[in-house]
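# Results of the structural survey
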Amino acid sequence: MNISKAFRGRAATAVSLTAVLALGATACGDDGSSSGTEGSGKGEITFWDNNGGPRTAVWTEIIKDFEKKNPDIKVKYVPIPIADVQSKYDTAIAGGGLPDVGGVGTAFLAGMVSQDALEPVNGRLEKSSLKGKLVENMVESVRAAAGRGDDVYAVPTSANNGALWYRTDLFEAAGLDAPTTWPKFYEAADKLTDAKNNKFGYTIRGGAGSIAQALDAIYGQTGITDFWDGDKTTLNDPKNVEALEKYAALFKKTTPAADVNNDFTKMVAQWDTGTIGMLSHNLGSYQDHLKALGEDKFAGIPAPIGEGGTRVQVSNPVDGLGLFRTSKNKTAAWKFIEFAASHESNSKWNESAGAIPANTEAAKDPWISEAEPTELAAKALTDGSTKIVDLPYYLPDWNNISKADNEPDFQKLLLGKITAKAFLDKVAGELNAAQKEWKELGNG
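These lines cover the structure that appears in this document, whether it is placed above or below. None of the values given here were measured: they were computed from a predicted structure.

Take the environment of histidine 343 next. In this fold, histidine 343 is placed in helix α14 (residues 343–353). With relative accessibility at 29%, the residue histidine 343 sits in the partly exposed group. For histidine 343 and aspartate 169, which are 174 residues apart along the polypeptide, the C-alpha to C-alpha distance reads 37 Å. When residues no more than four places from it in sequence are discounted, the contact partners of histidine 343 are Asn359, Glu361, Ala362 and Asp365.

Set out below in structure tokens:
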């Protein structure tokens, strides 16, 4: 029998994890095997921040506000560096010591759910003040990432949406409209290119992270809104193949040749030199552009609209707060989650982080309009104008398939060594196999 490398790796991990669990069960009771209790709704709860350091100041302020409103509850704040958070959770699930509440992103949500570490929060949300006040696209992304049907295992708090950054001064000089549609995008990429003078219309991501950007481009063009058609992915749909052919053909024609190796840091730095017309990246690079170019020379808009008149984009990772199954005071823990995701707190956190609020009331606050790219992205996600293609973050093999295993092949595609169809067929085949394996294990 042919067993994939990824599956063998997970099997080995499962064996070692079982051993740790056996030891941990006698040493500590708050591992994934405990169901916890509702508790008194008073006393101390522990909160793990999944981006400790950069977000410590704003969380400290929110916790202070919470404790003032709930004097019978104290929050023990534990800052976890973002690079360590997944391993920290895995260790605690295996050996005990999980918090009551923790920051949980969709990128690693499925792994925690599969180990029964988190409590579903559907019922609590239905009865809470948050009902009807969370961005539907973000709730759906969290639900889909868990891979457990209709159950929601985290309350979304923020998203960092993709943006198409473009040089307004170059567009104006060339008499071009803003690249709000894909035809206008391709027109601008061509017209702004003067390769002999080192001027290009676009910078394409060919290094680390290239596949996610390519997925955004192909689904955005075709308007296909579902990643799965039954048990088969739509990734290699003929329309997507055609869209990828067109997108990949930009390389070296309207982009620098160095793009084949560029990750986001190199790509952003290259665009900020001021000789390239457009860049696809998320809102996180706004301050870099502002510092390099000044506010009058660039703008950022959501993904271009497809020829069918609809904006389609693939799901971006959504951050949220999880209620841990082992908590001995779930009532107090939920009060904290509800407070942190409320209008005032969610607005305060996202303004500090420069992200898009999950609370629909927070998404309308004045600070959003101070940065036009954030305002447009928030509007696109909250007004129903954008269709989201939910990527299968729940698959154990997703990160390997969508990153390291196939990024070298994407570079071959750019260099003309393989076809768009061959590339998408290969990735689709791996995804279909991973989906089948996941369902055979009783999921879905």
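Turning next to the sheet that holds strand β13 (residues 356–357). Read from one edge of the open sheet, six strands run β2-β1-β3-β12-β4-β13, paired in mixed fashion. Every interior strand has two partners, whereas the edge strands, β2 (73–79) and β13, have only one.

Okay, the pattern of salt bridges next. Counted under the stated rule, the structure contains 16 salt bridges. In this structure, the salt-bridge partner of lysine 348 is glutamate 61, at a minimum N-O distance of 3.2 Å. In this pair, lysine 348 sits in helix α14 while glutamate 61 sits in helix α2 (residues 56–69), placing the two residues 287 residues apart along the sequence. Residue glutamate 61 is classed as partly exposed on the basis of its relative accessible area, which comes to 40%. Lysine 426 is the salt-bridge partner of glutamate 430, the closest N and O atoms lying 2.9 Å from each other. Taken as a pair, glutamate 430 and lysine 426 lie in helix α19 (residues 420–440) at a separation of four residues, close to a single helical turn. Judged by relative accessible area, which is 26%, glutamate 430 ranks as partly exposed. One network of salt bridges, with partners in common, ties together Glu38, Glu119, Arg124 and Lys330.

Rules used throughout
Residues numbered from 1 in each chain as written. Predicted model: local features only at pLDDT ≥ 70, side-chain atom pairs only at ≥ 80, totals over all residues. Heavy atoms only, no water. Helix = DSSP H or I, 4+ residues; strand = E, 2+ residues; numbered from the N terminus. Buried < 20%, exposed > 50% of the residue type's maximum accessible area, 1.4 Å probe, protein only. Contact = heavy atoms within 4.5 Å. Pairing = 2+ DSSP bridges. Salt bridge = Lys/Arg side-chain N within 4 Å of Asp/Glu carboxyl O.

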